[in-house]
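# Per-entry structural report
Read off the chains here:
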Amino acid sequence: MVNQSAIPHINQTAVDICPVAPGSDQSGLIKGVTFPAMYAMLAEWAPPWERSKMAAFVFTVIFIFVWRKGRVSRRGICLVGLCESGKTLIFSQLVYKKAVESFTSMKENVGVLEIANKGALKLIDIPGHERVRQRFFDSYKNTARGIVFVLDSFSLNKDIRDVAEYLYTILSDPTVSSNRPQVLILCNKQDHPLAKGPQVIQSVLEKEMNVLRNTQTNQLEAVAEGGTRKSFYLGQEGKNFEFADIRSLHVEFASSSAQSEDLENLKKWLQLVA
Ligand SMILES: Nc1nc2c(ncn2[C@@H]2O[C@H](COP(=O)(O)OP(=O)(O)O)[C@@H](O)[C@H]2O)c(=O)[nH]1
Ligand SMILES: [Mg+2]
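First, a word on what this report is: a plain description of the structure on this page. On a predicted model such as this, the values are computed, not experimentally measured, just so you know. Along each chain, the written sequence defines residue order, and numbers are assigned to residues from 1. Numbering of ligands from 1 and lettering of chains from A proceed in the order in which they are written. Owing to the predicted nature of the model, reporting of local features is limited to residues with pLDDT of at least 70; listing and counting of side-chain atom pairs is limited to 80 or more, with chain, interface and lining totals taken over all residues.

This part covers the pairing of strand S3 (residues 76-80). Exposure in this text rests on C-beta crowding, where 20 or more other C-beta atoms within 10 Å of a residue's own make it buried, 12 or fewer make it exposed, and counts in between make it partly exposed. The C-beta atoms are placed from the backbone. Numbering of helices and strands starts at the N terminus; helices are DSSP runs of H or I of at least 4 residues and strands are runs of E of at least 2. Counting buried residues along S3, 4 of its 5 residues qualify, which places the element largely inside the surrounding structure. Here S3 pairs with strand S5 (residues 119-125) via 4 bridges, running parallel. Its bridge partner being in S5, Gly76 is matched across the sheet by Lys122. In short, DSSP must find at least two bridges between two strands for them to pair.

Now the structure itself:
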């Protein structure tokens, strides 16, 4: 017989580390056998010095199980970007297969996208207005399987600082870097004769993000002298900023024209991400 009171710490910690959602079935790895029961069974034959290794193993299995479950259950795709970049037109083309004029841009639009053989994704059009966008992004970022950052490929020169700042804020968000959603930078309005292509946009953005990163790092270092904050460094230290150097995220670029109903690259990306 196993004395359950000899292992209260294990049971307690398992519950503390891995809160189980109501109604979910995470208490048993194998049907009908709970983790504490499994541990008790194993502990019966394992010598005492092996038990801590066993506990570490069991916790690792639980952690991976819960982490994978969290990833699989994230089905949100957040459409973000400055106002007027084309998010709402993209949203209505994808969800309603047509342009819908009656949307407000001070509230999010939420719709369902059925992806062939992959199930449903939840598409969220986050308003781009500076005053509200962070609040809306905060309430959806934890469900994001993917983030589509939409930009206007024609007006980018004029808006480059704002675009880079918003993108920097999103890519350096702690929830984003820990959940690791796929990121697509969608260069919209390609139908405009003076629109820049995705490659040019990538290099323009990398230069601006580099400037921004230096400024932000200096600011954070200035704060850190008082011993209060640690800096978060986006990309690789000691070289110019490149999207490929963000270790926690896979960032891709693609072109689109919502006006001409050319969203093929976005649809392909969604098919892969779903
Ligand atoms: N030329 C062109 N105009 C676009 C395109 N996508 C959106 N627009 C226009 O840009 C304006 C802003 O679009 P909207 O979807 O409301 O942008 P949002 O503020 O990001 O939601 C509208 O007048 C759209 O018709 C595009 O691909 N090409
Ligand atoms: Mg809008």
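Now for the site of ligand 1. We call a residue near a molecule or strand when its C-beta atom, built from the backbone, sits within 6 Å of it. In the vicinity of ligand 1 lie 17 residues, with Gly86, Lys87, Thr88, Leu89 and Gln259 positioned nearest. The greatest single-element share of the shell around ligand 1, amounting to 3 residues, is contributed by helix H4 (residues 87-96). Asp, Glu, Lys and Arg are counted as charged, while Ala, Val, Leu, Ile, Met, Phe, Trp, Tyr, Cys and Pro are counted as nonpolar; the rest, among them Gly, fall into the polar class. When its residues are assigned to classes, the shell around ligand 1 shows 3 nonpolar, 10 polar and 4 charged.

One can find Arg131 in the loop between S5 and helix H5 (133-140). Taking the C-alpha atoms as reference points, Arg131 and Met106, 25 residues apart in sequence, are found 9.4 Å from one another.

Right, let's talk about H5 for a bit. Every buried residue of H5 is listed here: Arg133, Phe136 and Phe137. One face of H5 carries all of its buried residues, which in axial projection span an arc of 100°. Facing away from the buried side of H5 by over 90 degrees, the exposed positions are Arg135, Asp138 and Ser139. Against S3 lie the buried residues of H5. The arc refers to the directions leading from the helix axis to the C-beta atoms. Any pair of residues counts as being in contact when their C-beta atoms, constructed from backbone geometry, are within 7 Å of one another.

Overall, mixed pairing links the 6 strands, which are arranged S4-S5-S3-S6-S7-S8 in an open sheet. The sheet terminates laterally at strand S4 (109-115) and strand S8 (251-255), the two strands that pair on one side only. On average, each strand axis in the sheet is inclined to that of its neighbour by 25°, with strand direction left out of account. Bridge count between strand S6 (residues 144-152) and strand S7 (residues 182-188): 7 bridges; the pairing is parallel. Among the inter-strand pairings, Val150 is bridged to a residue of S7, identified as Leu186. Orientation is described by axes fitted as lines to C-alpha atoms, over the contacting stretch for helices, and by angles from 0 to 180 degrees between their N-to-C directions.

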